[in-house]
Amino acid sequence: MLRHGRDDLAGEVVWVSKEEGDGAGYDIKSFTPEGRERLIEVKTTNGWERTPFHISRNELEVAEARRDDWVLFRLYEFARTPKAFELRPPLEAHVALTATSFQASFG
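Anyway, here's the lowdown on the structure attached to this text. (Residues numbered from 1 in each chain as written. Predicted model: local features only at pLDDT ≥ 70, side-chain atom pairs only at ≥ 80, totals over all residues. Heavy atoms only, no water.)

A few points about the packing of aromatic side chains
Stated formally: In summary, the pairing rule links any two rings of Phe, Tyr or Trp, Trp by its six-membered ring, whose centres are within 6.5 Å, and it sorts them by plane angle into stacked for under 30 degrees, edge-to-face for over 60 and tilted for everything else.
Considering all chains together, one arrives at one aromatic pair under this definition. Relative to Phe85, the ring of Tyr76 has its centre 5.8 Å away and its plane inclined at 55°; by these criteria the two rings are tilted.

Some remarks on the sheet that holds strand E3 (residues 70-76)
Put simply, the test is: When DSSP finds at least two bridges between two strands, those strands are taken to pair. Numbering of helices and strands runs from the N terminus; a helix is a DSSP stretch of H or I covering at least four residues, while a strand is a stretch of E covering at least two. What counts as an axis is a line fitted to C-alpha atoms, over the stretch in contact for a helix, and the angles between N-to-C directions run from 0 to 180 degrees.
Strand order in this open sheet of four strands is E1-E2-E3-E4, and the pairing throughout is mixed. Since the sheet does not close on itself, it has two edges, and those belong to strand E1 (28-31) and strand E4 (83-87), each with one partner. Each adjacent strand pair in this sheet contributes to an overall mean axis angle of 30°, direction not counted. Strand direction decides the pairing type here: strand E2 (residues 37-44) and E3, joined by six bridges, are parallel. Within the sheet, the bridge partner assigned to Glu41 lies in E3 and is Leu72.

Things to note about the pattern of salt bridges
Stated precisely, the cut-off is as follows: The salt bridge criterion pairs a side-chain nitrogen of Lys or Arg with a carboxyl oxygen of Asp or Glu, the two atoms within 4 Å. Relative accessibility decides the category of a residue: with a 1.4 Å probe and only protein chains considered, values under 20% of the type maximum give buried, values over 50% give exposed, and everything between is partly exposed.
Enumeration over the complete set of coordinates arrives at 12 salt bridges. We note a salt bridge from Arg67 to Glu64, for which the minimum N-O separation is 3.0 Å. Of the charged contacts in the structure, one is a salt bridge between Glu77 and Lys83, with a shortest N-O distance of 2.5 Å. The partly exposed category is assigned to Lys83, whose relative accessible area is 34%. Through salt bridges with shared partners, one network takes in Lys29, Arg36, Glu37, Arg66, Asp68 and Asp69.

Written as structure tokens, this is what we have:
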């Protein structure tokens, strides 16, 4: 792990989805070397880099609301030779978003 001389911040990194549950809109709360929050959402597939992945409405909303702090880490070919790249909001500039599920509620 690169700490950039910020052991104080390295100790504050939180695996949010593991420790607090999967509803924050990001998986990891980290920090830039300057101390600014960095909210990381991780999407992993075993397929190639253009393999579709699921993203929740909440994740999209947090990405939009926290554009300067939020980043998506896209991990692919994970089972063979893992590779990665980053996507920053607005995600629509990088990927086509297609609705794949619906919420049913009683009127």
